[in-house]
Amino acid sequence: MQRQWSVQAPGEPEAEPGGEELCEQEMKRLCLSQQPVRVLPYAMMDKRFIRQLREPEGVKTSCWQQWRRRRQTAGRRLGEAARRLTRGCGLWEGALYEIGGLFGTGIQSYFTFLRFLLLLNLLTLLLTSSFVLLPLVWLRPPDPGPALNFTLQCPGSGHLPQTGVSKFNNLLWNVFTGRAFNNTYLFYGAYRAGPESSSTYSIRLAYLLSPLACLLLCFCGILRRMVKGLPQKMFLGQDYRSPLSAKVFSSWDFCIRGQEAATIKRHEISNEFKMELEEGRHLLLLQQQTRAQRACHLLTYLRVNVLIGLLVVGAISAIFWATKYSQDNKEESLFLLLQYLPPGVIALVNFLGPLLFVFLVQLENYPPNTEVNLTLIWCVVLKLASLGMFSFSLGQTVLCIGRNKTSCESYGYNACDYQCWENSVGEELYKLSIFNFLLTVAFAFLVSLPRRMLVERFSGRFWVWLDREEFLVPKNVLDIVEGQTVTWMGLFYCPLLPLLNSIFIFLTFYIKKYTLLRNSRASPRRFRASSSIFFFQLVLLLGLLLAAVPLGYVVSSIRSSWDCGLFANYSAPWQVVPELVALWLPAPSQRILYYLGSHAFSFPLLILLSLVLTVCISQSQASSRAIRRLRKQLVWSRCPSCRHPAGQRTRPQGRGVLQASSGSPATDWSGGTGSPTHCRF
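What counts, and at which threshold
Residues numbered from 1 in each chain as written. Predicted model: local features only at pLDDT ≥ 70, side-chain atom pairs only at ≥ 80, totals over all residues. Heavy atoms only, no water. Helix = DSSP H or I, 4+ residues; strand = E, 2+ residues; numbered from the N terminus. Buried < 20%, exposed > 50% of the residue type's maximum accessible area, 1.4 Å probe, protein only. Areas by Shrake-Rupley, 256 points an atom, 1.4 Å probe, with all protein chains shown as cover. Axes fitted to C-alpha atoms, helices over the stretch in contact; angles between N-to-C directions. Parallel < 35°, antiparallel > 145°, perpendicular 65-115°, else oblique. Contact = heavy atoms within 4.5 Å. Nonpolar A, V, L, I, M, F, W, Y, C, P; charged D, E, K, R; others polar. Phe/Tyr/Trp six-rings, centres within 6.5 Å; stacked < 30°, edge-to-face > 60°. UniProt positions renumbered as here; feature names shortened; annotations may be inferred. Core = buried A, V, L, I, M, F, W, Y, C linked by side-chain atoms within 4.5 Å. Domains from an automatic or database assignment. Salt bridge = Lys/Arg side-chain N within 4 Å of Asp/Glu carboxyl O. pLDDT = per-residue confidence, 0-100. Patch = residues over 30% accessible without salt bridge, like charges linked within 9 Å, V, L, I, M, F, W, Y side chains within 5 Å. Lys, Arg positive; Asp, Glu negative; His and termini not counted. Charge placed at Lys NZ, Arg CZ, Asp CG, Glu CD. Left-handed = near helix turned anticlockwise from the far one by under 90°.

Side note on the overall build of the protein
Step number 1: Scanning the protein from terminus to terminus reveals 24 helices and 4 strands.
Step number 2: Burial statistics for the protein: of 681 residues in total, 40% are counted as buried.
Step number 3: Within the structure as shown, the protein displays about 38500 Å² of accessible surface, and the carbon and sulfur contribution to it stands at 63%.

Encoded structure:
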C-alpha cells in the first residue's frame, strides 16, 4: 500500500504520537528484510535508497553474497520465462479467453474447472502407471495357476455359478458392460503377484497405497485451489464494493489490435458492468424491504427448501430400489434392461432434479451469485446422495451389509452370486461412467442441436417461448463432479478408470464448447467466477470424501475374493502392511511404527494440532483486524477534511518518499538532526 510522507513545517502543530516511530520501524524493517527490492511497493528512486541502506558505501559485499544474488536473479528470470511459456502453450488458453469474453467469467469458470479435473486425472494415471503397471510388467507376474478348491453351500445349487461368463455373444455389448476387459489390467482381478518374501518390490503394497496417495494429492490440489479461490469479500467485508469508475476508465486493453479480440474484450467489459448493476439492484431492493416483506420472504424460503428436500428423499429412494432390483433379479429376458437400470435411474434423477431446483430457487428472487450457489448446494446434495445410496445398495447386495446369508457368514461377501466381487463392483462403476458420457453426447446432439434448428427454422409464439437451451452452470458442474466422484470410487476396483475419465473430460470440453457457442444461450442472470470457483472446489472436495470413506472401509475391513486379485490370501487388503513391516523392517523400527499408531502417540499429536490450529486462528483474527484498520486509514487518506493544512510542505522534488522522510543514507534511526517527519497511511 502506498505510504504518504510529509515534512513538518516550523509553524505547524506537532506530529501525531507514534508517527515518527512508525517511520523508523518501517525503515529498519526494510533495511533488515531479506525480501527482494524489486517486489517492494515503492517507486524506483525509493528502491535505490533502500538498496543503499542495505549496502552502505565502503562496505564490500562478499563473493558468496554476490553469487547467491546472481543465482536468485537467474532463477527468478528462468521461472518467469517458464511461466510465460506455460501460459503460451497452456491447454485451451485461446478457447477459455474466447468463452470468458463472450459469456463472462462465470461460464468460463466451468471450462477452467474441466481443465483442472483433466490434470487431476492425468496425475492419478501417472502415479498408478509408475508404481503399479510398469513394475508389474517388468517383474512378469506369475501364472494364476489352478483355482482354489473350495465348495460353497448355496441354496438351490451345489456349485458356484460362473457369473463371469458373458450372457451375450455381442462384443460391443461386452465392451459397454465391461465384461470384455475382465482379464485385462482395467479391473482388479487381472493383477497377480507372487509371495512377498520372493520379491524386493511389493506390488500389493503399491496397489494398495496408490489409490490412497492419489486421493491425498487430489485433496491437497483441491484445497489449494479452494483457498486461492476464496471470494474477495470474505477478506474485505460484505459491504466492500469495487469502484465502478475504475472499471470505466481502466478496463480497456490498449494493446489490442485485431477486430475479433476487440469484440471479445468489449463483451467482457459489458458483462462486468451488467454484473455490477445487477448486484447493486439486488442490494438496493434488500435495503428497501420492510419487516413484513422479510418475514414473507423467510416463509417462501422455508417452503421451497422443504419441498426440495422431499424431492431429494424421493429421488434417492428410487435409486435404492432400482439398484436392489437390478442385482436381485437377473432373469435372462430382462438382463439387457437390468444392466443399465441403476445408471438410467440416476441419470433421470440428476436430469430432472436441477431443472426443478432452478425453477423453485428462482421463485425466491435471490441475487445471481446466491441463486447459483444455492442451486449448486441442492444439486450437490442430490448428486452425492444418489452416489451414496448407489454405493450402499451395491454394498448391501454384494457385501451383505445388513443381510444374513450362508456365503456371507462364511466368506464375508456374497460368494454364491459374485465369484470375484471386486470385478463386479468395478463393472458397475465402469458402466456408470460410460453411461454418463454417452448421456452427455446424446443430449448435446439429439436434444440441444435439434432444438436450435427448430427454433431457427420456425417462427411463432411457441418457438419464441421455447428458444435455445439455457447453459446452466450448476447442472454442468455437477455432471462433471459426478463423473469424477465415480472415478475416485473405482480407483481400487478399476485402476485405469482415470484414463477413461481423462478421455471423456477432453471430449466433453469440445462438446460443451460447441453446445455453448452454437446451440445454447447464456443465462441473462450474470454471476462472478470468484464467488463460484470456491463452491466448485467445495463440491469436488465433498465428492472426494464420499469416495474415500467407502474405500477406507473396504480396504481395512472387507474380505477379498478367494480366487482373483492380489489379496486373495488376506483377510483384508490392509493386512499386507503388517506383514511387510514384520518382513522388511528391523525390530526397533517396528516398535517405532507401532508406537506411532498407538493411542499414546495420538493424544499428544491431537493436543499439538489443537495448539497449532489455535495459533493459526489467532493470526487470522489479527490479520483481519489489521485489514480493517488499514481500510479505515485508506478512507481517511481519501477524505479531503482529513488531509493536512494547505500550509504544510510536501516532500522535495527529485527525492523518493523514503528519502524525504529520512534525509541521506547515513541518517541514524533516531531521526537525525533534520526536521521531524510524519507518516500517514
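Thoughts on the packing of helix H5 (residues 105–139) against helix H18 (residues 473–489)
Step number 1: Remark: H5 packs on H18, axes separated minimally by 10 Å, with the N-to-C direction vectors making an angle of 10°. It follows from the interaxial angle that H5 and H18 lie roughly parallel. Side by side, H5 and H18 meet where Gly 106, Ile 107, Tyr 110, Phe 113, Leu 114, Leu 117, Leu 120 and Asn 121 of the first sit next to Val 473, Asn 476, Val 477, Ile 480, Val 481, Gln 484, Thr 487 and Trp 488 of the second.
Step number 2: Considering only residue class, the contact of H5 with H18 consists of 11 nonpolar, 5 polar and no charged.

Things to note about the packing of aromatic side chains
Step number 1: Counted according to the given criterion, the structure contains 32 aromatic pairs.
Step number 2: Look at Phe 351 and Phe 443: their rings are 5.5 Å apart centre to centre, the planes differ by 65°, and that puts the pair in the edge-to-face class. Within this pair, whereas Phe 351 is found in helix H13 (residues 341–362), its partner Phe 443 is found in helix H16 (residues 421–457), the two being separated by 92 residues in sequence.
Step number 3: We classify Phe 351 as partly exposed; its relative accessible area is 31%.
Step number 4: Between Phe 458 and Trp 463, the ring centres sit 5.4 Å apart and the planes meet at 20°, which makes this aromatic pair stacked.
Step number 5: Classification of Trp 463 as partly exposed rests on a relative accessible area of 22%.
Step number 6: Put simply, the rings of Tyr 185, Tyr 188, Tyr 191, Tyr 207, Trp 421, Phe 492, Tyr 493, Phe 567 and Tyr 570 touch in pairs and so form one group of aromatic residues.

A few points about the side chain of Arg 452
Step number 1: One can find Arg 452 in helix H16.
Step number 2: For Arg 452, a relative accessible area of 15% corresponds to the buried category.
Step number 3: Those residues in contact with Arg 452 that sit more than four places away from it in its chain are Arg 468, Tyr 514, Arg 518 and Asn 519.

With respect to the UniProt feature "transmembrane region" (unreviewed entry) in the protein
Step number 1: The sites that carry the UniProt feature "transmembrane region" (unreviewed entry) are, in the present numbering, residues 116–138, 205–223, 301–321, 341–361, 429–449, 490–511, 531–555 and 592–618.
Step number 2: A helix fraction of 100% and a strand fraction of 0% characterise residues 205–223, whose end C-alpha atoms lie 27 Å from each other.
Step number 3: Taken end to end, residues 490–511 has its terminal C-alpha atoms 25 Å apart, with 68% of it in helix and 0% in strand.

What to know about the nonpolar core
Nonpolar side chains in soluble globular proteins generally cluster together in the buried interior.
Step number 1: Counting 109 residues, the largest nonpolar core has Phe 111, Ile 222, Trp 421, Val 477, Trp 488, Leu 540 and Phe 567 as the members making the most contacts within it.
Step number 2: Here this core takes 14 residues from H5, the largest share from any one element.
Step number 3: Two domains share this core, each providing at least three of its residues, namely domain 1 (108–139 + 201–237 + 419–584) and domain 2 (310–418).
Step number 4: Among residues more than four places away in sequence, those in contact with Ile 222 are Phe 116, Leu 120, Trp 488, Gln 537, Leu 540, Leu 541 and Leu 544.

Structural notes on the pattern of salt bridges
Step number 1: Counted according to the given criterion, the structure contains 7 salt bridges.
Step number 2: Ionic pairing is found between Lys 383 and Asp 479, a salt bridge with its closest N-O pair at 2.7 Å. One end of the pair, Lys 383, is in helix H14 (residues 368–398); the other, Asp 479, is in helix H18, with 96 residues separating them in the sequence.
Step number 3: Classification of Lys 383 by relative accessible area gives buried; the value is 2%.
Step number 4: Asp 479 gets classed as partly exposed once you look at its relative accessible area, which sits at 25%.
Step number 5: Notably, a salt bridge pairs Glu 456 with Arg 468, separated by 2.5 Å at the nearest N-O pair.

Concerning the environment of Asn 271
Step number 1: Tracing the backbone through its elements, the reader meets Asn 271 in helix H10 (residues 259–287).
Step number 2: For Asn 271, a relative accessible area of 4% corresponds to the buried category.
Step number 3: Here the alpha-carbon distance between Asn 271 and Thr 105, two residues 166 residues apart in the chain, equals 8.6 Å.

Re the confidence of the model for the protein
Step number 1: A residue-level look at the protein finds 73% of positions with pLDDT of 70 or above and a mean pLDDT of 75.
Step number 2: The weakest mean pLDDT in the protein belongs to strand S4 (residues 677–680) at 38; the strongest belongs to helix H19 (residues 497–519) at 92.
Step number 3: Taken together, the stretch residues 1–17 has pLDDT below 50 and engages in 39 contacts with residues farther than four places along the chain or on a different chain.
Step number 4: Across residues 145–150 the pLDDT falls below 50, and counting only partners more than four positions away or on other chains, this stretch makes 3 contacts in the model.

Some points on the environment of Phe 601
Step number 1: Position of Phe 601 among the secondary structure elements: in helix H23 (residues 599–638).
Step number 2: Residue class for Phe 601 comes out partly exposed when judged on its relative accessible area of 27%.
Step number 3: In this structure, Phe 601 is in contact with Tyr 595 and Leu 596, ignoring residues within four places of it in sequence.

Focus on a positive patch on the surface
Step number 1: Together, Arg 625, Arg 628, Arg 629 and Lys 632 make up a region of like positive charge exposed at the surface.
Step number 2: As for its placement among the helices and strands, Arg 628 is situated in helix H23.

Focus: the packing of helix H7 (residues 203–228) against helix H21 (residues 576–584)
Step number 1: One can describe the packing of H7 onto H21 by two numbers: an axis separation of 10 Å at closest approach and a directional angle of 135°. With respect to each other, H7 and H21 are oriented oblique. Judged by the twist between their axes, the crossing of H7 over H21 is left-handed. Across the interface between the two elements, Arg 204, Leu 205 and Leu 208 of H7 pack against Val 576, Val 577 and Leu 580 of H21.
Step number 2: Looking at the contact of H7 with H21 residue by residue, the classes come out as 5 nonpolar, no polar and 1 charged.

Quick word on unusual backbone geometry
Step number 1: At Asp 467, a residue that is not glycine, the phi angle is positive and equals roughly 55°.
Step number 2: The class of Asp 467 is partly exposed, set by a relative accessible area of 30%.

Points about helix H4 (residues 93–103)
Step number 1: Taken residue by residue, H4 has Ala 95, Leu 96, Ile 99, Gly 100, Gly 101 and Phe 103 as its buried positions.
Step number 2: Immediately beyond the C-terminal end of H4, within one or two residues, lies Gly 104, with a positive phi of roughly 95°.

Some remarks on a nonpolar patch on the surface
Step number 1: On the surface, a cluster of nonpolar side chains totalling about 570 Å² of accessible area is made up of Leu 307, Leu 311, Leu 348, Phe 351, Leu 352, Leu 355 and Leu 356.
Step number 2: Elements with a contribution of two residues or more to the nonpolar patch: helix H11 (291–328) and H13.
Step number 3: Of all the elements, H13 adds the most residues to the nonpolar patch, at 5 residues.

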